[in-house]
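# A look at the structure
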Amino acid sequence: MGDSETAPWGFRTDQDWRSLSRDAGPTATPHWARAWVDAYGARYDLDSSLLEHKPGEAILPLVRPRRRPWRLELLSARELAEPVDVVASDTTSVDSLASALAARGENVFLRRVPAGSALVPSLEHAYRRRGTVIVGATSPSPVLPIDETWAEPERHMGKRRRSDLRRARRRAEELGKVEYDLVAPTEAELDGYLDELVAVESHGWKGRASTALAHQAAQQQFFRSYARAAAREGELRLSFLRIDDQVAAAQLAVHRAAALWLLKIGYDEQFARCSPGTLLLLEAVATAALQGARNVEFLGMAKPWTARWTTSERSYVRVLAYARTPSAMPCLVEDTYRFVRHTVLERREAAKTAQYAGTAGEGE
């Protein structure tokens, strides 16, 4: 959908949104929103949802679930679990946006927003006399600060780590011809590369756990749609490690706002002995440094393998805003249930991940 076409929620153009999100991550862009609408929009009442904004000054994508019409939620947060934030020209515009939500008596659930977001104090102030705002910490995501010296990543690693990498390279070379394929594909070139990524991701623990894109039709549709838009913008980065022309590891990322954002990563477990995900990430980080990136954003949540790269993290919070209206009661009941259920499921998921991936998952 081009800029001249009708955008989601009936807006004539997303040019303002693109301008405001120029220095933000991928989840803050109209391309992310459009891809999400294509894949998941049928689950939501988009006609009564909002892209709350003050034209050209502040944009926050909020949607209303069909099964939970009493609240607004951040677009894509439920399905993709990535952080989403307001994009705005200044804090006054964010204050106006928060005041509009409170004045309408909206209940709002922000699953994962940056801890330092201007939206948090704006909502707390706006709902002070009109309801209640609850803010709590949620899962952080790893970030690796880099500079031009990361064009040689091993300079930043200890002796033991460098030795491990040399051993991994030798093992890979023993298996066959090793090639790195790091591309910024055009939209016309994209489908074949994505087919390879989907296939290799299913050859690891995600395939056994049925969480790979090959088993998740809506999520695969989302990533294919978003990748097409990112390719048009020249932001898409796809990386492959091939051993004797067979894909051993693959990554889907975007380079924007002076950062490499890792969105999908997987490897074929038959090559696990040579740590293909780690070898590929090493090349991707070096290339990103040469192209001017200043951070590698791992997104998701910290895992044992990410700790080998960085202990730096982005902090996020969960925000619940309840208006002083009857519709707040079902929200309170649901949120209490969700908190208890989430605690139980989080423990089960941690155990499941450990079972399938162990602590040696190279890259994922």
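In this report, the structure presented in the accompanying data block is examined.

Scanning the chain for helices and strands turns up 12 helices and 12 strands. Counting across all 364 residues of the chain, residues that qualify as buried make up 51%. Nonlocal contacts in the chain, meaning residues at least 24 apart in sequence, comprise 73% of its contacts between residues at least 6 apart.

Let us look at the packing of aromatic side chains. Scanning the model with the defined rule gives eight aromatic pairs in all. Seen in terms of ring centroids, Tyr193 and Phe240 are 5.6 Å apart; in terms of plane orientation they differ by 25°. Their pairing is stacked. Taken together, the residues span a long stretch of sequence, with Tyr193 in helix α7 (residues 190-201) and Phe240 in strand β8 (residues 236-243) at a distance of 47 residues. For Phe240, a relative accessible area of 0% corresponds to the buried category. Among the aromatic residues, those joined into a cluster by ring pairs are Trp32, Phe222, Phe223 and Tyr226.

Attention now moves to the nonpolar core. Buried together is how nonpolar side chains tend to be arranged in soluble globular proteins. If you look at the biggest cluster of nonpolar residues, it comprises 41 residues, and the most contacted ones within it are Phe222, Tyr226, Leu236, Leu238 and Leu263. Looking at this core, the elements with two or more residues in it are α1 (15-20), α2 (30-40), β2 (58-63), α7, α9 (217-233), β8, β9 (246-256) and β10 (259-267). By residue number, the principal contributor to this core is α9, which donates seven residues. With residues up to four places along the chain from it excluded, the contact list for Leu238 reads Asp181, Leu182, Val183, Pro185, Leu190, Tyr193, Leu194, Leu197, Gln251 and Leu252. One finds Leu282, Val285, Ala288 and Trp305 within the second-largest nonpolar core, a separate group that totals 31 residues.

Tallying each qualifying case throughout the model produces 24 salt bridges. Where Glu106 meets Arg104, a salt bridge forms, and the shortest distance between an N and an O atom there is 3.0 Å. For Glu106, a relative accessible area of 8% gives the class buried. On the basis of relative accessible area, Arg104 is assigned to the partly exposed category, the value being 48%. A salt bridge links Arg169 to Glu154; its shortest N-O distance comes to 2.8 Å. Taken as a pair, Arg169 in helix α6 (residues 159-175) and Glu154 in the loop between β6 (131-145) and α6 lie far apart in primary sequence, 15 residues in all. Take Glu154: its relative accessible area is 23%, and that puts it in the partly exposed class. A single salt-bridge network, built from bridges that share partners, covers Arg68, Arg71, Glu73, Arg78, Glu334 and Asp335.

A few words now on the side chain of Glu106. Considering the arrangement of structural elements, one finds Glu106 in the loop between α4 (91-103) and β5 (108-114). Among the polar contacts listed, one links the side chain of Glu106 to the side chain of Arg104, at a separation of 3.0 Å.

Turning to a nonpolar patch on the surface, a few remarks are in order. A cluster of nonpolar side chains, contributed by Met329, Leu332 and Val333, occupies part of the molecular surface with about 290 Å² of accessible area. The exposure class assigned to Met329 is exposed, which follows from its relative accessible area of 52%.

Tracing the sequence through the fold places Ser93 in helix α4. With sequence-adjacent residues up to four places away left out, Ser93 is seen in contact with Glu57 and Ala58.

Quick notes on the rules
- Residues numbered from 1 in each chain as written.
- Predicted model: local features only at pLDDT ≥ 70, side-chain atom pairs only at ≥ 80, totals over all residues.
- Heavy atoms only, no water.
- Helix = DSSP H or I, 4+ residues; strand = E, 2+ residues; numbered from the N terminus.
- Buried < 20%, exposed > 50% of the residue type's maximum accessible area, 1.4 Å probe, protein only.
- Contact = heavy atoms within 4.5 Å.
- Phe/Tyr/Trp six-rings, centres within 6.5 Å; stacked < 30°, edge-to-face > 60°.
- Core = buried A, V, L, I, M, F, W, Y, C linked by side-chain atoms within 4.5 Å.
- Salt bridge = Lys/Arg side-chain N within 4 Å of Asp/Glu carboxyl O.
- Polar contact = N/O pair within 3.5 Å; in protein donor to acceptor, adjacent residues only side chain to side chain.
- Patch = residues over 30% accessible without salt bridge, like charges linked within 9 Å, V, L, I, M, F, W, Y side chains within 5 Å.
- Areas by Shrake-Rupley, 256 points an atom, 1.4 Å probe, with all protein chains shown as cover.

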